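# Structure assessment
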Amino acid sequence: MYISTYHISKVLEDQIFLDFLYCELDKDVSFESFRGHSRLIPISADYINNFFFDQNHVMNLLSRLEFAAWRCGSKSREEYKKFLNCFVSFVQELKVFFAVPKQQMSKITNPHHNELVVFIKFLLQILEETESLETESIVSVKLSIKILETELRFLITFLGDTPMSHPTETENMLTDMESLVNEVGNFLFSFLFTWNDPVMMTGVLDLSISDLLSKFELLKTKIKEHCITVFKLPSIMTPKTRVVSVFIVDTLLDDLNNLMNHRAYTIDGVQDQIITLHEELMLLTSSIEDVVSVSQTKTKVEEIVMGIVDIAYEIDYVINSFPPVWYLTLRLPQFMESSRLNRIAIKEMQKNIDVGIPEAIKYPSEQELPPPNSEDIFVGFKNEETKIVGQLVGGLNKLQIVTIFGMPGLGKTSLAKKLYNNESIVYHFDKRAWCVVSQTYQTTNMLIELLRSTSHINKEKIKKMDEESLVEELYKSLKGRRYLIVMDDIWDTEPWNDLKRYFPDDSTGSRILFTTQHKEVGVQASPNSVINKLPFMSEAECWELLQRKVFEKENCPPELLDIGKQVAKNCLGLPLAVVVIAAVLANMEKKVYLWQGIVGSLNSLIYEDSNNCIQILELSYKHLPAHLKPCFLYFGVFDAYKKIPVRKLISLWIAEGFIKKEANRHPEDVAKGYLMDLIDRSLVLVVEKRSDGGVKTCNIHDLLHGMCLRIAKVQKLSEGDGKTCWRTCVLLVRPQGLGLVTLGLGILLSN
């Protein structure tokens, strides 16, 4: 329970109480010291309030003190006496809190030595307030107090830096730091709250602070030795960032430029090292993106990029913590060496990569596809079917592309099959052919598929043809004819660019039908493309599809109607989810209690599907360019179904370093471009629009949200159930997370 200190602070500033106090205090006690130091009591009370729970006696004293302060509103000398007695009793109990708190008595549950960090911050608050006092004893040692503050702040920086993350080499270092910080706490308590202590004497006070500062010098010697020792150990690992985005290096370069141009006075003596580090990082950025774009799926590449990003976070943390120059002198050579080793690793890897040849093409798969038929159960999209049939058989006479795009698993291929076998289509076109493109397409395979449908050449003979012969025969089979070519599951315009010259345009009303997840595929393929966005199925359509898949031609039993409709509703309009769940229900006894168990576990059932339907969804992630992957995975931070304000989302992306810095473009505009790309790829849903047509709020489908968490778990970006750890992992913007808050969702990680 939090106990307010409002009335305590009010009484301690009340002139009538101070007049009473002047008369009441023993002549050996300095009234001025008491008056000044008493201002520190609210700071101590807030510290206890915020970070301790199993201290009932002290909390009761604090409650009594606040109550006594409230009663002082009567301005009664009797109430002032009661308040003063409570005040003295409370101060006598404070000493235990002027040492590093024990974990078992503290509310502080975050890792990374936070008990020590929180206590140092408390001491800094006390020292900062002490500086404002004008008592004789304080004025004479203000400079020494300033130095003491600087030393304590450095300890916070050091605790958050990588050398303190080594699993086996930090215990002695922590013990030494804790011992010295406890000495500072004991000194401050004696100085500030024991008003007749000899340390109050100016000369003794100066000697006490000087003694502490000399001990800090000894500690810094140990810190230097520790950093050198740990850096040489082969097992030292930088804290892993949880989402790979190489653009954090751009942010770091900006920070270094700002440091050199506007804060040069803080790096006197290490300017040359800062410049060298800047040049080293520039060399890294020239090769990172090329390696990622060529070999996105290689584990080794991702490990190297992850290491580079981690070093960037590490450098950014140290630079922006304003450490003393001696510490920069120690750490900068280590940063440069780590960067140099990563650059060498990238060069070695580039030697083993055939730059410009996508991995998918190196390992083509035979793309056999049986001719589309109309026997599959098809539900919904009646309006879309009617509209697209009109686009295929009507309109312009010249060759035209018609595109169906939408989220993975939405039924684009199923609708294309329905259209392919539509009576009007069959009657209208002289030739129809179908090929599957996919991410692993090969031109020869697509030509074989198309020629099988458009010519009467023996299939075995077609297989033996070379590519030149295939092209010639395909062109001849289509020349002068009205034809329909379906290019199913096309991911970009490259396959179309490879084939389009082989499709004659004789103004016969021929059509090319694309199915894709990416709207831009159709837009870029031709300026005259017709674009159709496939909507989600309605709840009624989901229920109809579920019934037909589970019960075939039979009716659903009445006792299963309600629970069946709930299952269909929970599929959120995605046919893929309906089909997978229907397969489970079809092989299950038709019992209400069994179906009820399905309602809350749709995602897990889909992920365990023996047909690996979730792979259909994951292909969308794998095909994303490197700069969009972290932006998409970031949606896993938010709750499923939640409307996400776009302004908040892009601010978080920018804060995380996910947005590439581009000349003459504001980061918000670049981030909006990223978002629109994800929307056009059918991965992000627009929930609300602004009056000017811009996107106001967005989210992702529940299955995609689950996929984000699943990818995080598979890649060891989270532990346990994924979600909670994901938040604490993905939002950290500094190594160790000490003394910092997340830039996303306002979750306090430490303080």
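Just so you know, these numbers come straight off a predicted model, no measurement behind them. (Residues numbered from 1 in each chain as written. Predicted model: local features only at pLDDT ≥ 70, side-chain atom pairs only at ≥ 80, totals over all residues. Heavy atoms only, no water.)

So, on to the overall build of the protein. The helix and strand tally for the protein stands at 35 helices and eight strands. Here the protein holds 751 residues, and the buried ones make up 51% of them. Long-range pairs, those at least 24 residues apart, make up 75% of the contacts in the protein with a sequence separation of at least 6. (Helix = DSSP H or I, 4+ residues; strand = E, 2+ residues; numbered from the N terminus. Buried < 20%, exposed > 50% of the residue type's maximum accessible area, 1.4 Å probe, protein only. Contact = heavy atoms within 4.5 Å.)

Attention shifts here to the sheet that holds strand β4 (residues 511-516). The strand order across the open sheet built from five strands is β2-β3-β4-β1-β5, with neighbouring strands paired in parallel fashion. Pairing within the sheet leaves two strands with one partner each, and these edge strands are β2 (431-436) and β5 (530-533). Averaged over all adjacent pairs, the angle separating strand axes in this sheet is 15°, with direction ignored. Note that strand β1 (residues 400-405) and β5 share four bridges and pair parallel. (Pairing = 2+ DSSP bridges. Axes fitted to C-alpha atoms, helices over the stretch in contact; angles between N-to-C directions.)

Before going further, it helps to spend a moment on the side chain of Q334. Within the element layout of this structure, Q334 appears in helix α15 (residues 325-351). Once residues within four sequence positions are removed from consideration, Q334 is found in contact with C227, I228 and F231.

The full count for this structure, using the stated rule, is four cavities of 30 Å³ or more. Put simply, the largest cavity is a space of about 60 Å³. Across the lining of the largest cavity, the residue classes break down as three nonpolar, five polar and one charged. Approximately 50 Å³ is the volume found for the second largest cavity. What lines the second largest cavity is F635, F638, D639, A640, Y641, K642, I644, N699, I700 and H705. Taken together, the residues of the lining of the second largest cavity break down into six nonpolar, two polar and two charged. (1 Å grid on protein atoms, 1.4 Å probe; cavity = no way out; pocket = protein on both sides within 12 Å on 5 of 7 lines; lining within 4 Å. Points joined across faces, edges and corners; volume = space filled by probe spheres on them. Nonpolar A, V, L, I, M, F, W, Y, C, P; charged D, E, K, R; others polar.)

Turning next to the confidence of the model for the protein. The predicted model of the protein averages 77 in pLDDT, with 77% of residues at 70 or higher. pLDDT under 50 marks residues 104-112. Its contacts with residues more than four places away, or in other chains, come to 25 contacts. (pLDDT = per-residue confidence, 0-100.)

This part covers the packing of aromatic side chains. This structure, assessed with the given rule, holds 22 aromatic pairs. Ring centres of F119 and F122 lie 6.3 Å apart, and the angle between their planes is 40°; this geometry places the pair in the tilted category. In this pair, F119 and F122 are both assigned in helix α7 (residues 114-131), three residues apart and thus about one turn of the helix distant. F122 matches F119 in its accessibility class, with the two residues each being buried. Between W326 and Y327, the ring centres sit 5.6 Å apart and the planes meet at 80°, which makes this aromatic pair edge-to-face. On the accessibility criterion, Y327 (0% relative accessible area) is buried. Between the NZ or CZ atom of R432 and the centre of the ring of Y420, over which it lies, the distance is 4.5 Å. (Phe/Tyr/Trp six-rings, centres within 6.5 Å; stacked < 30°, edge-to-face > 60°. Lys NZ or Arg CZ within 6 Å of the ring centre and 35° of its normal.)

Judged from the four bridges that link them, strand β7 (residues 685-689) and strand β8 (residues 695-699) form a sheet pairing that is antiparallel. Note on β8: the bridge partner recorded for K689 is V695.

Our next topic: unusual backbone geometry. In this structure, K75 is a non-glycine residue whose phi angle is positive, near 65°. Of the residues examined, K75 reaches a relative accessible area of 41% and is grouped as partly exposed.

What follows concerns the pattern of salt bridges. Scanning the model with the defined rule gives 20 salt bridges in all. Ionic pairing is found between E183 and K215, a salt bridge with its closest N-O pair at 2.6 Å. Here E183 is found in helix α10 (residues 171-193), whereas its partner K215 is found in helix α11 (residues 202-232), with 32 residues between them in sequence. Residue classification places E183 among the partly exposed positions, given a relative accessible area of 30%. (Salt bridge = Lys/Arg side-chain N within 4 Å of Asp/Glu carboxyl O.)

Contact geometry of helix α26 (residues 561-570) with helix α28 (residues 592-599) gives a least axis separation of 9 Å together with a crossing angle of 15°. Considered as vectors, α26 and α28 are oriented roughly parallel to each other. Remark: the crossing between α26 and α28 carries left-handed chirality. Judged by residue contacts, I563, G564, Q566, V567 and N570 of α26 engage W595, Q596, I598 and V599 from α28. (Parallel < 35°, antiparallel > 145°, perpendicular 65-115°, else oblique. Left-handed = near helix turned anticlockwise from the far one by under 90°.)

Strand pairing in a sheet takes place through backbone hydrogen bonds and is either antiparallel or parallel in direction. The strand order β6-β8-β7 describes an open sheet built from three strands, whose pairing is antiparallel. Lying at the two open borders of the sheet, with one neighbouring strand each, are β6 (644-645) and β7. By the bridge criterion, two bridges tie β6 to β8 in an arrangement that is antiparallel. Bridging from a neighbouring strand, I644 pairs with C698 of β8.

A full pass over the atoms with the stated rule returns zero disulfides. No disulfide involves C86; its sulfur sits 9.2 Å from the nearest other cysteine sulfur, which is in C72. (Disulfide = S-S within 2.5 Å.)

A grouping of D466, E467, E468 and E472 is seen on the molecular surface, where their side chains present a negatively charged patch. When you line up the elements, E468 lands in helix α22 (residues 467-478). Judged by relative accessible area, which is 65%, E468 ranks as exposed. (Patch = residues over 30% accessible without salt bridge, like charges linked within 9 Å, V, L, I, M, F, W, Y side chains within 5 Å. Areas by Shrake-Rupley, 256 points an atom, 1.4 Å probe, with all protein chains shown as cover. Lys, Arg positive; Asp, Glu negative; His and termini not counted. Charge placed at Lys NZ, Arg CZ, Asp CG, Glu CD.)

A rise of 1.5 Å per residue sets the reference length of helix α25 (residues 539-551), with its 13 residues, at 18 Å; its end C-alpha atoms lie 18 Å apart and thus fit the reference within 8%. Taken as a whole, α25 has its buried residues at C542, W543, L545, L546, V550 and F551. In this structure, the buried side of α25 is in contact with α26, α27 (575-586) and α28. Trailing α25 by a residue or two, E552 shows a phi angle of about 55°, which is positive. (Expected span 1.5 Å × (residues − 1).)

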